[in-house]
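Chains, contacts and geometry: an overview
One letter stands for each residue in the lines below.
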Amino acid sequence: CMEIIDRKDNPLLNRVEMRFVWNHEGKATPTRKEMVEAAAKSEPNAKRELTYIKDVRTVFGKGRTEGIALIYSSAESASMEPDYVSARHKDLFVESPSDSGESTE
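These remarks concern the structure in this document. This structure is a prediction, so every number in the text was calculated from the model and none was measured.

Within the largest apolar cluster, 13 residues are counted, with the highest numbers of intra-cluster contacts made by Met2, Met18, Phe20, Met35, Ala39, Ile53 and Ala69. Mapped onto this core, the elements with two or more residues apiece are β2 (15-23), α1 (32-42) and β4 (64-72). In this structure, Met2 is in contact with Phe20, Val21, Trp22, Met35, Ala38 and Ala39, ignoring residues within four places of it in sequence. Judged by nonpolar contacts, the second largest core, of 6 residues, contains Tyr52, Leu70, Ala78 and Val85.

What follows is the structure in structure tokens.
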């Protein structure tokens, strides 16, 4: 399960920045999708499509993953993320038919 180590509001960039640790002793490393969902659940009113996971490091043999979650409050502020990061995260939820009725590309 994800444990938030540090949480910082960044009003200038219109986002919340969180450092996290995920202990998964004896289990597989969590997927990016699992990390996005856990980070979005930890912040009230956060949307998973505006949540980005970066700088993920898994310590070999320890069952511990560390990373940074960036949770933007609007799609406009999230647009500052590089295209390759946005594309990587957009693909996570394409198959989900339960999205808010929007069509997927």
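From this point, the discussion proceeds with the structure in view.
Buried within helix α3 (residues 83-90) are the following residues: Val85, Ser86 and His89. The buried residues of α3 occupy one face: seen down the axis, they fall within an arc of 100°. Away from its buried face by more than 90 degrees, α3 exposes Asp83 and Tyr84. Against the buried residues of α3 lie α1 and β3 (51-59).

Applying the stated criterion to the full structure yields 1 aromatic pair. A ring pair is formed by Tyr52 and Tyr72, whose centres lie 5.8 Å apart and whose planes are at 80°; its orientation type is edge-to-face. Of this pair, Tyr52 sits in strand β3 while Tyr72 sits in strand β4, and the two are 20 residues apart along the sequence. Residue Tyr52 is classed as buried on the basis of its relative accessible area of 7%.

What counts, and at which threshold
Along each chain, the written sequence defines residue order, and numbers are assigned to residues from 1. pLDDT decides what is reported in this predicted model: residues at 70 or higher carry local features, side-chain atom pairs at 80 or more are listed and counted, and totals for whole chains, interfaces and linings draw on all residues regardless. Heavy atoms from the whole structure form the basis of all side-chain values; hydrogens and water molecules are not counted. We define a nonpolar core as any set of buried Ala, Val, Leu, Ile, Met, Phe, Trp, Tyr and Cys residues linked to one another through side-chain atoms lying within 4.5 Å. Remark: exposure states derive from per-residue accessible area (1.4 Å probe, protein chains only) relative to the maximum for the residue type, with buried under 20%, exposed over 50%, and partly exposed in between. Going along the chain from the N terminus, every DSSP run of H or I of four or more residues is numbered as a helix, and every run of E of two or more is numbered as a strand. Contacts were defined at the residue level, with two residues in contact if any of their heavy atoms lie within 4.5 Å. Picture the helix axis, draw a direction to every C-beta atom, and the arc is the one those directions span. When the centres of two rings from Phe, Tyr and Trp lie within 6.5 Å, Trp using its six-membered ring, the rings pair. Their planes under 30 degrees apart give stacked, over 60 give edge-to-face, and anything left gives tilted.

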